[in-house]
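Structural features, examined
As a plain string of letters, each chain reads:
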Amino acid sequence: MYWQLHLAYDNADAPMDFYNQFFKLWKSGAYSGNDYDNRVALIASEVAQKDLSEFFTRWGMELTESTKSKLKSYGEEERAIWYLNDNSRWKAQALQTAH
């Protein structure tokens, strides 16, 4: 799950930008009134600026209605990022190199 978020939102120009932003928010106490699953979903979605509710529910996380409502305020993630793996990254890099 965490690797898939890295594959989806970090790129060669800023290879750890997603998680740098994620952990800054985590350490600041953002959304600390929520349980672990909801807090991870809220912070990841804020950093990505995408509604990641489907991603997290596919990973078995049970999000509250309040969290789902907040995530809807972000743009829809149209990619099926729950399928990302190392092969996806290699193919993407190969396409970038070819152009």
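Now for a look at the structure at hand. (Residues numbered from 1 in each chain as written. Predicted model: local features only at pLDDT ≥ 70, side-chain atom pairs only at ≥ 80, totals over all residues. Heavy atoms only, no water.)

Another aspect to go through is helix H2 (residues 17-28). With 12 residues, H2 should reach 16 Å at 1.5 Å per residue; the first-to-last C-alpha distance of 17 Å fits that figure. Where H2 is concerned, the buried positions are Phe18, Tyr19 and Phe22. The arc that holds the buried residues of H2, viewed along the axis, is 80°, so those residues lie on one side. Along H2, exposed side chains directed more than 90 degrees from the buried face belong to Lys24, Lys27 and Ser28. Contacts from the buried residues of H2 go to helix H1 (2-9) and helix H3 (36-48). (Helix = DSSP H or I, 4+ residues; strand = E, 2+ residues; numbered from the N terminus. Expected span 1.5 Å × (residues − 1). Buried < 20%, exposed > 50% of the residue type's maximum accessible area, 1.4 Å probe, protein only. Arc of directions from axis to C-beta. Contact = heavy atoms within 4.5 Å.)

Moving on, we come to the pattern of salt bridges. Under the counting rule described, the total for this entry stands at three salt bridges. For Glu54, the salt bridge identified is with Arg58, shortest N-O distance 3.1 Å. Within this pair, Glu54 and its partner Arg58 are both found in helix H4 (residues 53-58), separated by four residues, close to a single helical turn. Of the charged contacts in the structure, one is a salt bridge between Arg79 and Glu77, with a shortest N-O distance of 3.0 Å. When its relative accessible area of 40% is taken as the criterion, Arg79 is described as partly exposed. (Salt bridge = Lys/Arg side-chain N within 4 Å of Asp/Glu carboxyl O.)

Relative to the helices and strands, Ser45 is located in helix H3. Among the polar contacts made by the side chain of Ser45, one reaches the main-chain amide nitrogen of Leu52 at a distance of 3.3 Å. Among residues more than four places away in sequence, those in contact with Ser45 are Lys50, Asp51, Leu52, Leu71 and Tyr74. (Polar contact = N/O pair within 3.5 Å; in protein donor to acceptor, adjacent residues only side chain to side chain.)

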